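Listed below, chain by chain, are the residues.
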Amino acid sequence: MKTFSISHKTAFVVDHCPYMAESSRQQIECDMLTKSRGQGVIPLAPVSKSLWTCAVECSMEYLRILYDIYPARKLVNYIVSDSEFHILNSWRQEDQNIQELMGALAAVGPPNPREDPECCSILHGLVAAVESLCKITEYQHESRTTLMDMADRVANRGRIICLTNAKSDTHVRMLEDCVLETIQEQNKLAAGSDRLMPIQQCELVLVHIYPQGDDTLVSDRPKKEISSVLSSEVHSVRAGRHLASKLNVLVQQHFDLASTTITNIPMKPTLNVCEQEEQHANTSANYDVELLHHRDAHMEFIKSGDLHMAGSTSKDSGLKETVTLKWCTPRTNSVELHYCTGAFRISPVDVNSRPSSCLTNFLLNGRSVLLEQPRKSGSKVISHMLSCHGGEIFLHMLNSTRSTLEDPPSISEGCGGRVTDYRITDFGEFMRENRLTPFPDMPVDAAGRAPFERAKAQLERHTRYWPMIISQTTIFNMQAVVPLANLIVKDSMTEDDLLTCQKTVYNLVDMERKNDPLPISTVGSRGKGPKRDEQYRIMWNELETLVKTHVGTSERHQQVLECISACRSKPPEEEERKKRGRKREDKEDKTEKNGKESEEKGWTPDSERLKGAIEREKEEQSESEVIKDSPDSPEPFNKKPRLASEEILSLEKSKGPVSLLSLWTSRITQANSRKHQEFAGRVNSVNNKAELYQHLKDENGMDVHENGKATR
Amino acid sequence: MPTVVLMDASLSMTRPVSLEGSEEFQRKNLAVHGLTMLFEHMATNYRLEFTALVVFSSLWELMVPFTRDYNTLQEALNNLEDYDKTCLESALQGVSNIVQQEWGSTCPCQVVLVTDGALGIGRGSLRHSLATLKQRGDDKKFPLPFPFPSKLYIMCISNAEELQATDAMDNLEQLLTLSGGEGQIFTMDGPLCLKSVQAMFGKLIDQAYTPFHAVLRCGNLASDVQVFPRPEPVLLDEEVDPVPKAVLTELEIVGFIEIGDIASPPVLSRHLVLPIAVNKEADEVGAGTADDMEEDTSTNQMAGKSPNFCVLLHGSLKVEGMVALVQLGPDWYGMLYSQADSKKKSNLMMSLFEPGPEPLPWLGKISQLGPISDALENPYGEDDSKSPFPVQPKSKRSYAQNVTVWIKASGLQTDVQKILRNARKLPEKTQTFYKELNRLRKAALAFGFWELLKCVAELLERECTLLPDSAHPDAAFQLSHAAQQLRLASTGDSQYAAFEHNITPMLTDFSGGGGGADRM
């Protein structure tokens, strides 16, 4: 579709000469209610519109339909001509509205019948229209600017619609010659100017208006090429409703419109939001409403040659055909995503009629109506939908044929389809945080980024560390980490944000001190997963990973990382030493180990070994936090529970040399303990006494449940 | 984009191909060989494509209706019989009917015509059809261009020299032009043999049946995907912007929007977004391409078990009832969403919007959509009770702003009666009375319809005389005041006929006290 086709610019030239003040002789009865009123009242004489009034109101109707369907890019320049020309608006988009034009027309007023007819002519207006067509519109300017050296691709075409009362066919020819001459003159002028463009193509539509009952002095003539630049057509029309239907046909031709009649509209009293006072008894009847819209909304019918349902010609537009679509009882389906192949703005043909305004009000209230295509076979095919978006009603074209995408492989059959623990809820939350909103008043930020670039940048920040499955992460399964995780992704952190992050870290330290359990995933490892201290190490490592990805964002982000490093239990060199120690141990134990039972040594009957185990345990105790392994290879849970070793430890401490009984008991206890998970209370107990309801003591009100949102 | 294979089964296709080798081939055998290669390719790399097989001579027959079962197609191909002369026009008409019956007239379709370039003689030959193009009535139109968007690929089992020796090439070129120019004529290079037919169909596969692979990105999360059917380049305005726009192979998510807010938008086309495993060890395995690896079941199982962003995205879009806005190129966008078919199966789907900075008026310019965190307060409200969409247009449409239209007498009569109705309920309806009066006044002034102002003034004066004794005294004052104002306006005197001027209720002793009665 060409942006700068003939319909980009329309110049309306309306004759304001004295003869236009003549009556159209179409009489309108204003005094309607006399019958029901008291007798003896003499009805007032009917009024009749002047030719000028007819011309103006029909042109306004043309514009109403045009602006309803094309709120932008289709521009009108309204010119009135008498002893001189009056340009009532400009090509600028903000000048394209009916209200402004009505005001300007009121200022012009009706033609003055006493003005000297010799000085008055439509020619003034036609010349002004040609000059105006040479003026560049903001869209042409913008396009030329972006195309730079290809600016000549931007065409300048236009249409002049002239509403006048011509004297004769010769007069019409004179007007055409004059327009052609002016175009040639203006094009020469425009060639040398930056703000003007030569007219490449101009369509002149002369509408000769004459009063009812008169014979026309001008004959109709279909479109004819007068020169390569100018084509012209003449319509000779009686004022009044003939003129109105003529302009209705023209607006459809000029802007590729088509008509759809919505039939079977139920107008129940509940629908009757408008004009309730006019409500009559028979409101339950079904009504028809005719709408205009771009003709592509009928594409399916046109292409398939399936326009047979368009049998009835439109009552209002007379000549044009209309496609009938049947109202389907509306379903509330705003959350349903229809497969829609086009959406076209509509304009009701008879905007103020009661059926029209009831339909439009119904839609403006946010409801949608599905429309059914009547078929000879009687099968029901939903082909369109009427729906309102932001105060504009659109006719949506729905796909009603077989889909080429039917029966696709399910997503669960493809890559990643077998994975079951995706963080669906978390990503849903992520999507909510990354929803979009319009920033019409803030095109670019300080860094020169458009809003959508900021949106992408935010997505980038939020996904620097984002494990996709639950078993890949610890920190995102912990409620306690949420405040930090939410703040660290921010572009800039406030002092308060930093404090919150630090608090989060302290809180984690506190949890660790209290030995709160962590929601470490056990997927992929046998048994119950790593030990508690190991769990914390994994958690700290993951938290560091997260924060490290944001460390470059700002000073405060850096401080969060520093806080974590400082709060993590062991100094780095100690960790290093420990690592070396572990290597030695590993060598030592190699003979015993067979891959999965790496920690079995603790309960070997050999007292030597037991001692070694106890010593190691002691060592671990003294260093409080021990790195056993990298987080990538979590140890299996098949190792001695903490309780057992502590018991042994205390035994050893209090009694010096170990008795055979205690050795035996400890061995049995350990063996048994492997078969069940230790009661949480005993694990956390002091001297075998567990304190109940610990959380009540917590002064800061922190709930123990915060330790892990995934309780299981 | 469904495919129709239109296979020439005329007698000329049985012409032997002169070969130095032992076995003797007919042109038909070469054609079958080429199509077998095409079907095999589709079965492995393009298996969601629907294909139909039509054979034609002087008659045409739908051998295999649209299917994804390439074995059936292959089987039918292997059992082709030989018929009489070539008559392309009726066959094309047949294709047109078959496609429209199955897919309607908006679904783009590819037609692969396989012929030896002997296009028939006499009536029904392509030469005859083209010669009589302009002498046809509406009922006997040439089937091209098809009513649906189409691409026509003509596979000639013959080489270019042979076709140029007759007018066959000219005729085929004319046919392609008639079809709308989308498509291509393929001929065989060198001697007619299996190798050259393979080369020719290889070119067709490269041109029309290579899968579209892309990377779907959301920040640092990404997945390799196949987009099916492959998105075709789109031409916007052939005058200002004559270069077709193509979808980039990097699909970048911009953000997310609720389904209710995006509100069934119009789309150019819909595509499945299928996650694929791009084989990173391709070098180790050898020459295996990613496509070959898709066949490997063990690889598939592996891929099934490793987390994929598409699955995560799909799951969350489905649960939350949202769509992801995705950038397809400069000033070109689309949306990703979960699409469920009737049988519980659901899929990640991508719809392409019309290229341009503002594809949906109710979203505004896409480039002006930013993260909600940038807004002073959450535009969705703390409890998701609001939405920043739809974006309201600057001006209201006529049906939403109470315009005045008097084209029909009834429109004018209704407006006059509204005033009279309110006039009889003065002073209770003072506000409505003046509102309607001013609406009429404005329109009458704009249309230069001063006679109407006088007429309504008269009507009001008469109402005044007809007031019952029980009427409120204020009513008479307001009626005569209004009538007088209308008369003044009808003189066109700039003092009274200003468009922006409004007639205000007369301040009377009664109305002053009864101000409360003006409530509406």
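Residues numbered from 1 in each chain as written. Chains lettered and ligands numbered in written order. Predicted model: local features only at pLDDT ≥ 70, side-chain atom pairs only at ≥ 80, totals over all residues. Heavy atoms only, no water.

**Q** What's the story with the overall build of chain B in this structure? I'm lost.
**A** When helices and strands are counted, chain B shows 17 helices and 16 strands. Over its C-alpha atoms chain B spans a radius of gyration of 36 Å, topping by over 25% the 24 Å that the globule rule assigns to 520 residues. Taking the principal axes of its C-alpha atoms as reference, chain B extends roughly 120 × 65 × 40 Å. When burial is assessed residue by residue, chain B has 56% of its 520 residues classed as buried. Taking the contacts inside chain B whose residues are at least 6 apart along the sequence as the reference set, 71% of them involve residues at least 24 apart. If you sum the accessible surface of chain B, you get close to 22,200 Å²; carbon and sulfur atoms cover 52% of it. Side-chain charges of chain B comprise 44 positive and 66 negative groups, with the mean position of each set lying 9 Å from the other. (Helix = DSSP H or I, 4+ residues; strand = E, 2+ residues; numbered from the N terminus. Rg over C-alpha atoms; globule rule 2.2 N^0.38 Å. Buried < 20%, exposed > 50% of the residue type's maximum accessible area, 1.4 Å probe, protein only. Contact = heavy atoms within 4.5 Å. Areas by Shrake-Rupley, 256 points an atom, 1.4 Å probe, with all protein chains shown as cover. Lys, Arg positive; Asp, Glu negative; His and termini not counted. Charge placed at Lys NZ, Arg CZ, Asp CG, Glu CD.)

**Q** Quick question: what am I supposed to make of the nonpolar core here?
**A** Soluble globular proteins tend to bury their nonpolar side chains together. One finds A:Met60, A:Leu63, A:Tyr78, A:Leu386, B:Phe433 and B:Leu460 to be the most contacted residues of the largest nonpolar core, which totals 106 residues. Considering every element that reaches this core, the biggest residue donor is helix 1 (residues 51-69) of chain A, with 13 residues. Look past the residues within four positions of A:Met60 in its chain and what remains in contact with it is A:Tyr78, A:Ile98, A:Leu101, A:Met102, A:Leu105 and B:Phe447. In this structure, B:Ala31, B:Met42, B:Ile157 and B:Leu363 belong to the second largest nonpolar core, which totals 70 residues. (Core = buried A, V, L, I, M, F, W, Y, C linked by side-chain atoms within 4.5 Å.)

**Q** What should I look at first to understand empty space enclosed by the protein in this one?
**A** It is a probe the size of a water molecule, rolled over the atoms, that shows where empty space is left. This structure, assessed with the given rule, holds 12 cavities of 30 Å³ or more. Size it by volume and the largest cavity reaches roughly 120 Å³. If you trace the largest cavity, you find 13 residues lining it, with A:Met60, A:Glu61, B:Thr404, B:Val405 and B:Phe447 closest to the centre. At the level of secondary structure, the elements contributing two or more residues to the lining of the largest cavity comprise helix 1 and helix 2 (98-108) of chain A. Tallying contributions element by element places helix 1 of chain A first for the lining of the largest cavity, with 4 residues. Among the residues forming the lining of the largest cavity, the class breakdown is 8 nonpolar, 2 polar and 3 charged. (1 Å grid on protein atoms, 1.4 Å probe; cavity = no way out; pocket = protein on both sides within 12 Å on 5 of 7 lines; lining within 4 Å. Points joined across faces, edges and corners; volume = space filled by probe spheres on them. Nonpolar A, V, L, I, M, F, W, Y, C, P; charged D, E, K, R; others polar.)

**Q** Hey, could you run me through the packing of aromatic side chains in this one?
**A** Aromatic ring pairs are defined here through the distance separating the ring centres and the angle between the ring planes. All names here are of chain A. For the structure shown, the criterion picks out 24 aromatic pairs over all chains. Considering the side-chain rings of Phe12 and Tyr78, the 5.8 Å spacing of their centres and the 20 degrees angle between planes classify their relative orientation as stacked. In this pair, Phe12 sits in strand 1 (residues 9-15) while Tyr78 sits in strand 4 (residues 75-81), placing the two residues 66 residues apart along the sequence. Using a relative accessible area of 0% as the deciding quantity, one classes Phe12 as buried. (Phe/Tyr/Trp six-rings, centres within 6.5 Å; stacked < 30°, edge-to-face > 60°.)

**Q** Please explain the pairing of strand 16 (residues 392-398) of chain A as it appears in this structure.
**A** Across a regular strand the side chains alternate sides, sitting on one face of the sheet and then on the other. All names here are of chain A. Here strand 16 lies mainly inside the structure; 7 of its 7 residues are buried. Covered by surrounding structure in strand 16 are Glu392, Phe394, His396 and Leu398 together with Ile393, Leu395 and Met397, the residues of both alternating faces. Here strand 13 (residues 340-348) pairs with strand 16 via 5 bridges, running antiparallel. For Arg345, the partnering residue across the bridge sits in strand 16 and is Phe394. As judged from the 6 bridges shared by strand 15 (residues 381-389) and strand 16, these two strands associate in the antiparallel manner. Residue pairing across strands places His384 opposite Met397, the latter belonging to strand 16. If you look at the hairpin formed by strand 15 and strand 16, you'll find 2 residues sitting between the two strands, and Gly390 has a positive phi there, around 60 degrees. (Pairing = 2+ DSSP bridges.)

**Q** Where do I start with the sheet that holds strand 7 (residues 150-159) of chain B in this structure?
**A** Remark on secondary structure: sheet strands pair via backbone hydrogen bonds, oriented parallel or antiparallel. Residue and element names in this part refer to chain B. Strand order in this open sheet of 6 strands is 5-4-1-6-7-8, and the pairing throughout is mixed. Pairing within the sheet leaves two strands with one partner each, and these edge strands are strand 5 (60-67) and strand 8 (183-188). With strand direction ignored, the average angle separating the axes of adjacent strands in the sheet is 15 degrees. Strand direction decides the pairing type here: strand 1 (residues 3-8) and strand 4 (residues 51-56), joined by 6 bridges, are parallel. In the strand pairing of strand 4, Val4 is matched with Ala52. Along the sheet, helix 2 (residues 70-78) makes contact with strand 4 and strand 5, crossing strand 4 at roughly 10 degrees. The strands touched by helix 6 (residues 168-178) within the sheet are strand 6 (109-115), strand 7 and strand 8, with strand 8 carrying the most contacts at an inclination of about 155 degrees. (Axes fitted to C-alpha atoms, helices over the stretch in contact; angles between N-to-C directions.)

**Q** Got a minute to help me understand helix 6 of chain B in this structure?
**A** Note: α-helices contain 3.6 residues per turn, so residues at a spacing of three or four share the same orientation. All names here are of chain B. The set of residues buried in helix 6 consists of Ala168, Met169, Asn171, Leu172, Leu175 and Leu176. Down the axis, helix 6 shows its buried residues gathered within 160 degrees of arc, on one side only. The exposed residues of helix 6 that point more than 90 degrees off its buried face are Asp170 and Thr177. Considering only its buried residues, helix 6 is in contact with helix 3 (88-103), strand 6, helix 4 (126-131), strand 7, helix 5 (160-165) and strand 8. Downstream of helix 6 by one or two residues, Gly180 has phi in the positive range, about 110 degrees. (Arc of directions from axis to C-beta.)

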